[in-house]
Amino acid sequence: MKKIQRTIPDRNIAYNSWDHMSQNINISKDQIEKLNLRILNFDKKIEINLSDENKNKIKWYLDTIKKIQNNEALSDQEYFFNAQEMLQALNISDKDFLRFLIFRYNFNIYPRLKKLSKYPPCVQIEPTSICNYRCVMCYQIDKSFSGKSHGMMGHMSLDLFKKIIDELEGNVEAITLASRGEPTLNPNIVEMLEYCRNKFLGLKMNTNASMLNEKLIHSILSSNFSEIVFSVDAADKDAYEKIRINGKFDKVVKNLRLFSEIKKKYYKNIQTIVKISGVKINTEINVSSLEQKFREFADVIQLVGYTPWESAYDNDKNTILSPCGFLWRRMFVWWDGKVNPCDYDYKSKLSVWNVKEKNISQIWNSKEYNNYRNLHLSKQRKEIYPCDRCSFTSE
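Residues numbered from 1 in each chain as written. Predicted model: local features only at pLDDT ≥ 70, side-chain atom pairs only at ≥ 80, totals over all residues. Heavy atoms only, no water.

Participant: For helix H4 (residues 94-113), give the residues involved together with the corresponding values.
Facilitator: Helix length check: H4, at 20 residues, gives a terminal C-alpha distance of 28 Å against a target of 28 Å (1.5 Å per residue), a fit within 8%. Burial analysis of H4 places 15 of its 20 residues in the buried class, which makes it a mostly covered element. At the exit of H4 stands Lys114, carrying a positive phi of roughly 55°. (Helix = DSSP H or I, 4+ residues; strand = E, 2+ residues; numbered from the N terminus. Expected span 1.5 Å × (residues − 1). Buried < 20%, exposed > 50% of the residue type's maximum accessible area, 1.4 Å probe, protein only.)

What follows is the structure in structure tokens.
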């Protein structure tokens, strides 16, 4: 039997994977000015029936733009669109533009201010916890999680999925289909995508692209996703297959090409951003090589920093005192309805909730959830396992 050499993540480059990100998006000065003018023009278009709270959010954008134009420094609590958000904002329709501004404010500013909303700004739904890969940096290599006998593997039922979507529609804009497993393995994934169609401004899916076929691609492209993320960590076969165990590089490239061809032929006018995203688990992985290989298939190519998920419960305790932004920004709903504050805790040590028993708003504002937030705010995350060995502080 041929011995397979596997790439081992470099612990020396572990860091918060949302704060350290390399992307290939270029936004021109003209595009920035066009976006600024579009927002400034809404100063005279704000509807009378807009709540005072939402009027203040639009005013925040106006004040921020004026600060930037006057070369004034922004405070730590102030923020303006990153390059990808600018790309989305330039493409969003006029009828949805105000809704988009409010959505991005809630997503970006509430966690910075540690402000709690009725619903989480983002809900990450897991169609399945099962994955066909065993990537070296992923919790799927933990057999106490992925072994069938431990009861953590399964597919979300279509009825439960619809129940969750029904509650979120009109209350949450950012919905991501992904978490611990490969979402396209759910046998009802096409029906799930159809049920989400045109309901959310920030609908997103993460996939390893291994299961793509014509039917699934058409379903994805017709579902009005704001973003599709294909997880690809290396630009050559040897490196890819050492990282993404069970993955077949040639098949993935073939699937990405098919996706791109169908998109160009049948869906020329959709605004979905297609992204190739990898994890920088060692210094040899870089955006330049990914861009050279995959730029014909994607609008955005990025690398996120490596965080040691594969050993979350065994990592050394740390002395981080800063609160984690996930507690104000994102909620995870597993395939069986269990709710968890994050996926670093992939075995749900923190979970005491299920959407089969309480709705998402009740869980998000529950005593237990607020207790986690208060411990983080009071610099006591060391009292929570496994928060005490996680390096996330924000997204």
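Participant: Just give me the short version of the packing of aromatic side chains, but keep the residues and values in it.
Facilitator: Evaluated as defined, the whole model comprises 22 aromatic pairs. Arranged with centres 6.1 Å apart and planes meeting at 85°, the rings of Tyr105 and Tyr110 form a pair that is edge-to-face. Under the relative-accessibility criterion, Tyr110 is labelled buried at 4%. When the centroid spacing of 5.0 Å and the interplanar angle of 85° are considered together, the rings of Phe230 and Phe259 count as edge-to-face. Here the residue Phe230 occupies a position in strand E5 (residues 227-231), and Phe259 occupies one in helix H10 (residues 249-266), the gap between them amounting to 29 residues. For Phe259, a relative accessible area of 1% translates into the label buried. Lying over the aromatic face of Trp328, Lys114 brings its terminal NZ or CZ to 5.5 Å of the ring centre. (Phe/Tyr/Trp six-rings, centres within 6.5 Å; stacked < 30°, edge-to-face > 60°. Lys NZ or Arg CZ within 6 Å of the ring centre and 35° of its normal.)

Participant: Let's hear about the state of the cysteines: which residues, and what values?
Facilitator: Per the stated rule, a full pass over the model turns up 0 disulfides. Cys135 carries a free sulfur, and the closest cysteine sulfur to it, the one in Cys138, is 5.9 Å from it. Of all cysteine sulfurs in the structure, the one in Cys390 sits closest to Cys342, which takes part in no disulfide; the separation is 6.1 Å. For Cys342, a relative accessible area of 13% puts it in the buried group. (Disulfide = S-S within 2.5 Å.)

Participant: So, the pattern of salt bridges: which residues are in play, and what are the values?
Facilitator: Counted under the stated rule, the structure contains 16 salt bridges. Close ionic contact of Glu53 with Lys115 constitutes a salt bridge, the shortest N to O distance being 3.4 Å. Here Lys115 lies in the loop between H4 and strand E2 (122-125) and Glu53 lies in helix H2 (residues 52-69), a separation of 62 residues in the sequence. In this structure, Asp388 and Arg389 form a salt bridge, with 2.9 Å as the shortest nitrogen-oxygen distance. One exposure class covers both Asp388 and Arg389, and it is buried. Salt bridges sharing common partners tie together Lys95, Asp96, Arg99 and Glu173. (Salt bridge = Lys/Arg side-chain N within 4 Å of Asp/Glu carboxyl O.)

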